[in-house]
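Here's the letter readout for the chains.
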Amino acid sequence: AQSVTQPDIHITVSEGASLELRCNYSYGATPYLFWYVQSPGQGLQLLLKYFSGDTLVQGIKGFEAEFKRSQSSFNLRKPSVHWSDAAEYFCAVAGASGGGADGLTFGKGTHLIIQP
Amino acid sequence: EPEVTQTPSHQVTQMGQEVILRCVPISNHLYFYWYRQILGQKVEFLVSFYNNEISEKSEIFDDQFSVERPDGSNFTLKIRSTKLEDSAMYFCASSLDRGPQETQYFGPGTRLLVL
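What you see is a predicted model; the values in this text were computed from it and never measured. (Residues numbered from 1 in each chain as written. Chains lettered and ligands numbered in written order. Predicted model: local features only at pLDDT ≥ 70, side-chain atom pairs only at ≥ 80, totals over all residues. Heavy atoms only, no water.)

A.B. asks: I would appreciate a short explanation of the state of the cysteines in the present structure.
C.D. replies: Here a disulfide denotes one covalent bond, and it connects the sulfur atoms of two cysteines. All names here are of chain B. Taken as a whole, this structure holds two disulfides over all chains when the rule is applied. Here Cys23 connects covalently by a disulfide to Cys92, the sulfurs 1.9 Å from one another. A torsion of -65° about the S-S bond marks the disulfide between Cys23 and Cys92 as left-handed. With a gap of 69 residues between them, Cys23 in strand S3 (residues 19-24) and Cys92 in strand S9 (residues 88-95) connect regions that are remote in the sequence. Taking relative accessible area as the criterion, Cys23 reaches 0% and is therefore assigned buried. Taking the relative accessible area as the measure of exposure, Cys92 reaches 0% and is therefore buried. (Disulfide = S-S within 2.5 Å. Helix = DSSP H or I, 4+ residues; strand = E, 2+ residues; numbered from the N terminus. Buried < 20%, exposed > 50% of the residue type's maximum accessible area, 1.4 Å probe, protein only.)

Here is the structure:
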């Protein structure tokens, strides 16, 4: 069965500093990978996604992620964080959730705290 | 920008009661989903719905759960007899088409508390 691991439950970063959020997946075939962000009181918003091709994908709000097959990773990065980036970040993989193909399999999320 | 909406934002109910959570998917989307997130745990897929029938469901989606599209805009999740362990955040999502490459757009969630 596929799975997603986000090793960091909380990360604290100073405003203006760079950010990397880790995501590791377990999936037999080529994965479809997503990063979502959830701000307080908001739904899950898609930041970026990877299906194939260029392993470095650009997303909204200045985020990017790099797919590394050899490491089974899809880490999210941002060169300079803003206070508004404080949120919960979820990595997800699509393809075979609970035996089916429709649902996304999510990691537990990483809570990002921005220090002034 | 079109968005998925959910009502209510919060619901408190007594164990054994029925609850209906409502969602309005994005208007031209064809696939609809429900997920839940128990506090401190992962977001979990419950069910997908297309053309007025369930497309897929997870092990979590047992006989206590049902989904319906009662009209052209609403998509509902019913829990017939709530249990304490049903307390969670429930997210609705929709996508234009089916498949792992399709982006699922999520609503803000309904927080359900079963007492």
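A.B. asks: Where do I start with the environment of B:Thr7 in this structure?
C.D. replies: Looking at the secondary structure, you find B:Thr7 in strand S1 (residues 5-7). Between the C-alpha atoms of B:Thr7 and B:Gly109, which are 102 residues apart in sequence, the distance is 8.1 Å.

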